[in-house]
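Below, each chain spelled out in residue letters.
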Amino acid sequence: MIEVKWLDSAVFYEIYPQSFKDTNGDGIGDFRGIAEKLDYIKELGCNAIWMNPCYDSPFLDAGYDVRDYYRAAPRYGTNDDLKALFGEIHSRGMHILLDLVPGHTSWEHEWFRQSCRAERNEFTDRYIWTDNTWEAPEGMNALIGLAERVGACGVNFFSHQPALNYGYYKPKPDKPWQQPTDAPGPRATLEAMKDIMRFWLNMGCDGFRVDMAPSLIKNDEDRKGVIALWQDVRAFLDREFPDAAMVSEWGEPDKSLQGGFHMDFLLHFGPSHYNDLFRCDRPFFGGGGDASEFVKTYKENLVKSGGKGLMCIPSGNHDMYRLAKYIHGDGLRIAFAFLMSMPGAPFVYYGDEIGMRYVEGLYSVEGGYERTGSRSPMQWDSTENAGFSTAPADRLYIRLDPDSGRPTAEKAMADPGSLWHEIQKQIRIRTEHPALQSRGDIEFVYCEKDSCPLAYVRGGGGEKILVVLNPSAKPAAFECGLVPGEAIYCFGGGLTAKAGVITAPAHSAGWYIL
Ligand code: GLC
Ligand code: CA
């Protein structure tokens, strides 16, 4: 695999395009709105963007139900507008990943319409169909009764998302409709997906975040089949687009990295214990939880993946509750001091930098269900609709946080003590020290069950930096032979070090040169 250099110092910002900035008053965000706010993102310190799906779609799952992979959704703009956005991003020295949804399409996709036909055609094998209308593929929900052809079509997520056919790792002999991965149907699906990647990479995007990356091949318990599939994609990228960056929604870094991804997310589902830190009854950064299981799993992952590739920890995303639902005030600052001092590229979910809240009690919008409250419009300023849109309030994509004290970017930027400024400072310092960046190494020096602080040493570029995080309400001490030097970042007071014991004040975070 060819390394993508800019990932070494990348700090991503996730944009949910619907809710970011509307420039034509239709109540929904658009490409021009994103272009207008690039300087804001850059000022925060982020130098890369992941944008959620922006393709033509009936939007029953916010765009994760693609109807035409080659066409920007008209509500966001045209393909030319998107190309212009790529230009604006690159002219600022920034990069952008599009969201690739390879596992399923919308049931309105032309491939699916063709695949439903009784008469054999090019798309007959594009999706996973059984040969019996009354039998769903094992382990999957299915669409039945929509097609002229006989059979049930497997779905990956919602009922309107038929599963594309990349084949079965171990097809069962008594189920001839389970095609091997090298059968013509699955091969054609994969080639079609490569064409889509080619199209957008040629237009100027810098890579992809890949939706549900491990799910493509069925009956593939150890993921051997899907690893081979992604290695095939990797070979294609190395040949044609060696600079394209790939991050997977997978959650098993050793496997995704073997598959040729540069980065994998540690997610709120799967074995990562991510939620222990940020989203549970007693999250570690809320002041009183346990980080030890997270650290244990993280270390195991480091060993399994041989230190190669990047494990990326997001502040949140469009699928989980907002960080600020569980963690407040100083806790948020300390949580970001963690995110900005860990290896891998950090991802900031839009609005998390101003402490945007999870909006309770919303009806589901575009298949959001409980996720809807994390997808509300970005709060820019104190003008109408928080500066998101000039549409009447009842025409906004999702209702704004109704709280009169809701945070806004304008207030946050005007207040030197805000979370926004804290994060800006953290990113700036991260950017000045390779040891703190994506590829610097990490050694945990203190992390005990149910206790504080969390301490680790980052190393790289000839430097070693001690990070000590104490989100609890009491000073926290630990035995340690290290002698902390200059504080390059300090929130909530500095360390005291005496006779091999280091003490961190309550609610504090610090990064120290060793
Ligand atoms: C991923 C996306 C999520 C979507 C699902 C189905 O998990 O992040 O938003 O609903 O895949 O595509
Ligand atoms: Ca708009």
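J.: Sorry if this is basic, but what is going on with the overall build of the protein chain here?
T.: Assigned secondary structure in the protein chain consists of twelve helices and 20 strands. In terms of overall size, the protein chain behaves like a compact globule, its C-alpha atoms giving a radius of gyration of 23 Å where 514 residues would be expected to give roughly 24 Å. Each principal axis of the C-alpha atoms in the protein chain carries an extent, and together these give about 80 × 55 × 40 Å. Across the 514 residues of the protein chain, 61% fall into the buried class. In the protein chain, 66% of the contacts between residues at least 6 apart in sequence involve partners at least 24 apart. For the protein chain, the accessible surface area stands at approximately 19500 Å², while carbon and sulfur atoms represent 51% of it. Distance from the positive charge centre (53 side chains) to the negative charge centre (71 side chains) of the protein chain: 2 Å.

J.: Would you explain the sheet that holds strand 20 (residues 508-513) in this entry?
T.: One key point about sheets: their strands pair by backbone hydrogen bonds, in either a parallel or an antiparallel sense. Read across the sheet, five strands follow the order 13-14-15-20-17 without closing on themselves; strand pairing throughout is antiparallel. For this open sheet the edge positions go to strand 13 (441-446) and strand 17 (487-491), each flanked by a neighbour on one side alone. Averaged over neighbouring strand pairs, the angle between their axes works out to 15° when direction is ignored. By the bridge criterion, seven bridges tie strand 14 (residues 454-460) to strand 15 (residues 463-470) in an arrangement that is antiparallel.

J.: Before we go on, may I ask you to explain the site of ligand 1 in this structure?
T.: Near ligand 1 you find Asp61, Tyr64, His104, Phe157, Arg209, Asp211, Met212, Glu249, His318, Asp319, Arg371 and Arg375, and these make up its full shell. Between ligand 1 and arginine 209, the relevant distance is 3.1 Å, taken from an oxygen atom to a side-chain nitrogen or oxygen of the residue. Between arginine 371 and ligand 1, the recorded distance is 3.0 Å, taken from a side-chain N or O atom to an oxygen atom. Relative to its free-state accessible area of 310 Å², ligand 1 is covered by the protein chains to the extent of 97%.

J.: Sorry, what's going on with the domain arrangement of the protein chain here?
T.: Size of an interface: often given as the accessible area lost when the parts come together. One can read the domain layout of the protein chain as domain 1 (5-101 + 186-430), domain 2 (104-165) and domain 3 (441-513). Averaged C-alpha coordinates put domain 2 and domain 3 at centres separated by 55 Å.

Rules used in this analysis
- Residues numbered from 1 in each chain as written.
- Chains lettered and ligands numbered in written order.
- Predicted model: local features only at pLDDT ≥ 70, side-chain atom pairs only at ≥ 80, totals over all residues.
- Heavy atoms only, no water.
- Helix = DSSP H or I, 4+ residues; strand = E, 2+ residues; numbered from the N terminus.
- Rg over C-alpha atoms; globule rule 2.2 N^0.38 Å.
- Buried < 20%, exposed > 50% of the residue type's maximum accessible area, 1.4 Å probe, protein only.
- Contact = heavy atoms within 4.5 Å.
- Areas by Shrake-Rupley, 256 points an atom, 1.4 Å probe, with all protein chains shown as cover.
- Lys, Arg positive; Asp, Glu negative; His and termini not counted.
- Charge placed at Lys NZ, Arg CZ, Asp CG, Glu CD.
- Pairing = 2+ DSSP bridges.
- Axes fitted to C-alpha atoms, helices over the stretch in contact; angles between N-to-C directions.
- Near = heavy atom within 4 Å.
- Polar contact = N/O pair within 3.5 Å; in protein donor to acceptor, adjacent residues only side chain to side chain.
- Domains from an automatic or database assignment.

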